[in-house]
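# Architecture and fold: a report
This is what each chain is made of:
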Amino acid sequence: FGAEGRYSETEITAIDNRRDATLNDTFKEFTPRFTVDYQKNDDMLLLASAARGAKAGGFNVTARQVQDRTFDPETNWTYELGLKSTLAGGDLIFNASIFYTDWNDIKVNAADEAPKNPSDPNVPSITQNLGNASVYGVELATRYQATDNLSIDATFSHTDATYSDDTVDSRFSRGVIGVSAPCDNVVCNTNGNIGGNEVERTPPTQASLGIQWDGDFSDDDTYFIRVDTSWQSEFFGDSANLSIIPDRFLMNASMGMRINDKLSVRV
């Protein structure tokens, strides 16, 4: 059993010389972590953890609206169950974990629009607390030493990250219809409600596969040839789930040699 804790105080002062305004506060956070490890046998380890994370709040001292001049801390609790194992006499390694994150007061960059002039092109950026989200996921990783020369490794992960019901993103609610409003109640909600949408910039599924051949020229000279592939699914580029980043497949190949433990060459 393990327990850890960190206490922090972040003092922030923000000054706007134009309005002779000064904002100051100290954001205090306690972030604990609890772990349980169980060594079932020499080849299998079971583990569990619960941890809290936090980012301090702060100020948008130049924000046009008073309610936008302070933003709250962003916090989360993450819970994980995992397995680490060695099988087949050490030739096969298999690790797996499932996790859940309760994510609150997510920070985003948003436009500081003037309510009476939403079409103003000179719109600065401010930080706002968007809302809450829930993240569920699974991660798998394995490595297999098929022969003395051939090894194979692979990973897989799937994540379901969605905004909580009634979460509102002001980036999609501000403005006047026909002038600058980005939504029309057809492709997205004019009130900025993004509840149930997927969290942006989070690929739901990712996977990789690597194959390597190791050989010897002599007792002192070795070489390797390796191929790596990776794939990630398409994902949304914004919280309203309007823009889509396509899926991506990558392949890399490399080879190298080490001579006399003095010279290493890699291509």
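All values reported here derive from a predicted model rather than from experimental measurement.

Let's shift gears to the overall build of the protein. Of regular secondary structure, the protein possesses zero helices and 17 strands. On C-alpha atoms alone, the protein measures out to a radius of gyration of 25 Å, which is more than a quarter above the 18 Å that the 2.2 N^0.38 rule sets for 267 residues. Relative to its 267 residues, the protein shows a buried fraction of 31%. A separation threshold of at least 6 residues defines the contact pool for the protein, and within that pool the share at least 24 residues apart is 58%. Looking at the protein, you have 22 positive and 40 negative side-chain charges, and the mean spots of the two groups are 6 Å apart.

A cluster of nonpolar residues, Trp213, Phe217, Ile225, Met255, Met257, Ile259, Leu263, Val265 and Val267, forms a patch on the protein surface that exposes about 850 Å² of accessible area. Those elements that provide at least two residues to the nonpolar patch are β16 (248-259) and β17 (263-266). By the element assignment, Trp213 lies in strand β12 (residues 205-216).

Taken in spatial order, the eleven strands of this open sheet run β1-β2-β3-β6-β7-β10-β11-β12-β13-β16-β17, and their pairing is antiparallel. Of all the strands in the sheet, just β1 (2-16) and β17 have a single pairing partner and so form its edges. Geometrically, the sheet is characterised by an average inter-axis angle of 10° between neighbouring strands, direction not taken into account. As judged from the 13 bridges shared by strand β10 (residues 133-145) and strand β11 (residues 150-163), these two strands associate in the antiparallel manner. Each residue of the ladder has a partner; that of Arg143, found in β11, is Asp153.

Here we come to the pairing of strand β3 (residues 44-55). For a regular strand, side-chain orientation follows a simple rule: the groups alternate between the two sheet faces. Taken together, the eight bridges between strand β2 (residues 21-41) and β3 define a ladder with antiparallel strand orientation. The partner of Asp37 across the bridge, within β3, is Leu47. Between the antiparallel neighbours β2 and β3 lie two residues. In the sheet, β3 pairs with strand β6 (residues 74-87) via twelve bridges, with the strands oriented antiparallel. Counterpart to Gly53 in the pairing with β6 is Asn76.

For the rest of this paragraph, the subject is the pattern of salt bridges. Counted under the stated rule, the structure contains seven salt bridges. The salt bridge involving Arg33 is made with Glu4; its shortest N-O contact spans 3.1 Å. Taken together, the positions of Arg33 in strand β2 and Glu4 in strand β1 put the pair 29 residues apart, joining distant regions of the chain. A relative accessible area of 36% means that Arg33 is categorised as partly exposed. For Arg18, the salt bridge is made with Asp16, and the minimal N-O distance between the two is 3.4 Å. Overall, the relative accessible area of 69% leaves Arg18 in the exposed class. A relative accessible area of 3% places Asp16 in the buried class. Connected through shared salt-bridge partners, Asp16, Arg18 and Arg19 make up one network.

About the criteria used
Residues numbered from 1 in each chain as written. Predicted model: local features only at pLDDT ≥ 70, side-chain atom pairs only at ≥ 80, totals over all residues. Heavy atoms only, no water. Helix = DSSP H or I, 4+ residues; strand = E, 2+ residues; numbered from the N terminus. Rg over C-alpha atoms; globule rule 2.2 N^0.38 Å. Buried < 20%, exposed > 50% of the residue type's maximum accessible area, 1.4 Å probe, protein only. Contact = heavy atoms within 4.5 Å. Lys, Arg positive; Asp, Glu negative; His and termini not counted. Charge placed at Lys NZ, Arg CZ, Asp CG, Glu CD. Patch = residues over 30% accessible without salt bridge, like charges linked within 9 Å, V, L, I, M, F, W, Y side chains within 5 Å. Areas by Shrake-Rupley, 256 points an atom, 1.4 Å probe, with all protein chains shown as cover. Salt bridge = Lys/Arg side-chain N within 4 Å of Asp/Glu carboxyl O. Pairing = 2+ DSSP bridges. Axes fitted to C-alpha atoms, helices over the stretch in contact; angles between N-to-C directions.

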